[in-house]
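This is what each chain is made of:
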Amino acid sequence: MLYAVYEKEHPNRVWVFEMYTDAHAYQTHLETPHFKKFLEVTKKMMISKTLLDAVPIALGAKTNIAPSAN
């Protein structure tokens, strides 16, 4: 699963969250041609990459969100 977001105040700051079923799935993905191409194409755009071993609580997108009062 992949989520990509940008910071509201800094739209040039993009955060990408990728989630894998397990460590093997992640390691397998690292070796795919499309991922290697992605790394090559985006290497000058990335400031940092951090691998975080986390447990999901709730994943999904909300629908019918009321407009912001801002």
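This one's a predicted model, so the numbers in the text were calculated from it and none came from an experiment.

What counts and what doesn't
Counting from 1, residues in each chain are numbered in the order their sequence is written. For this predicted model, a pLDDT threshold of at least 70 governs which residues receive local features, and a threshold of 80 or more governs which side-chain atom pairs are given and counted, while totals over whole chains, interfaces and linings are taken from all residues. With hydrogens and water excluded, all non-hydrogen atoms of the structure serve as input to the side-chain values. Only DSSP runs of H or I reaching four residues or more are called helices, and only runs of E reaching two or more are called strands; each is numbered from the N terminus. Exposure categories follow from relative accessible area, calculated using a 1.4 Å probe and restricted to protein chains: below 20% of the type maximum is buried, above 50% is exposed, and the middle band is partly exposed. Only heavy atoms enter the contact rule, under which two residues are in contact if any of them lie within 4.5 Å. Here, Shrake-Rupley sampling with a 1.4 Å probe gives the accessible areas, and only protein chains in the shown set may cover a residue. His is not counted here, nor are the chain ends, while Lys and Arg score as positive and Asp and Glu score as negative. Taken as the charge location is NZ of Lys, CZ of Arg, CG of Asp or CD of Glu. Any carboxyl oxygen of Asp or Glu within 4 Å of a side-chain nitrogen of Lys or Arg constitutes a salt bridge here. Aromatic contacts are taken between Phe, Tyr and Trp rings whose centres are within 6.5 Å, Trp giving its six-membered ring; a plane angle under 30 degrees counts as stacked, one over 60 as edge-to-face, and the others as tilted. A pair of strands is considered paired only if DSSP assigns at least 2 bridges between the two.

Asks: Would you mind going over the overall build of the chain with me for this structure?
Replies: For the chain, the helix and strand inventory stands at two helices and two strands. Across the chain, helices and strands are ordered from the amino to the carboxyl terminus as β-β-α-α. With the C-alpha coordinates of the chain rotated into their principal frame, the extents come out at 45 × 30 × 20 Å. Looking at the chain as a whole, 6% of its 70 residues are labelled buried. Contacts in the chain between residues far apart in sequence, at least 24 positions, make up 17% of those at least 6 positions apart. Per element, the accessible surface of the chain, about 7,000 Å² overall, is 61% carbon and sulfur. Averaging the positions of the 8 positive and the 7 negative side-chain charges in the chain gives two centres separated by 8 Å.

Asks: When you look at the environment of P33 in this model, what are you seeing that I'm missing?
Replies: Relative to the helices and strands, P33 is located in helix α2 (residues 33-42). Along the primary structure P33 and E9 are separated by 24 residues, whereas in three dimensions their C-alpha atoms are 34 Å apart.

Asks: Looking at this structure, I do not really get the pattern of salt bridges. What am I missing?
Replies: When the charged atoms of two side chains lie near each other, side chains of opposite charge can form a pair. With the rule as written, the count across this model stands at three salt bridges. The shortest N-O distance in the salt bridge between E31 and K36 comes to 3.3 Å.

Asks: Got a minute to help me understand the packing of aromatic side chains in this structure?
Replies: What the rule picks out here adds up to two aromatic pairs. Between Y20 and Y26 the ring centres are 5.2 Å apart and the planes differ by 65 degrees, which places this aromatic pair in the edge-to-face class. Taking relative accessible area as the criterion, Y26 reaches 22% and is therefore assigned partly exposed.

Asks: Help me out: how do you make sense of the pairing of strand β2 (residues 10-18) in this one?
Replies: Along any regular strand the residues' side chains alternate between the sheet's two faces. The pairing of strand β1 (residues 2-7) with β2 spans six bridges and is antiparallel. The residue of β2 that forms the bridge with Y6 is V14. Counting the residues that bridge the hairpin from β1 to β2 gives two residues.

Purely geometric stuff here, so don't read any function into it on its own.
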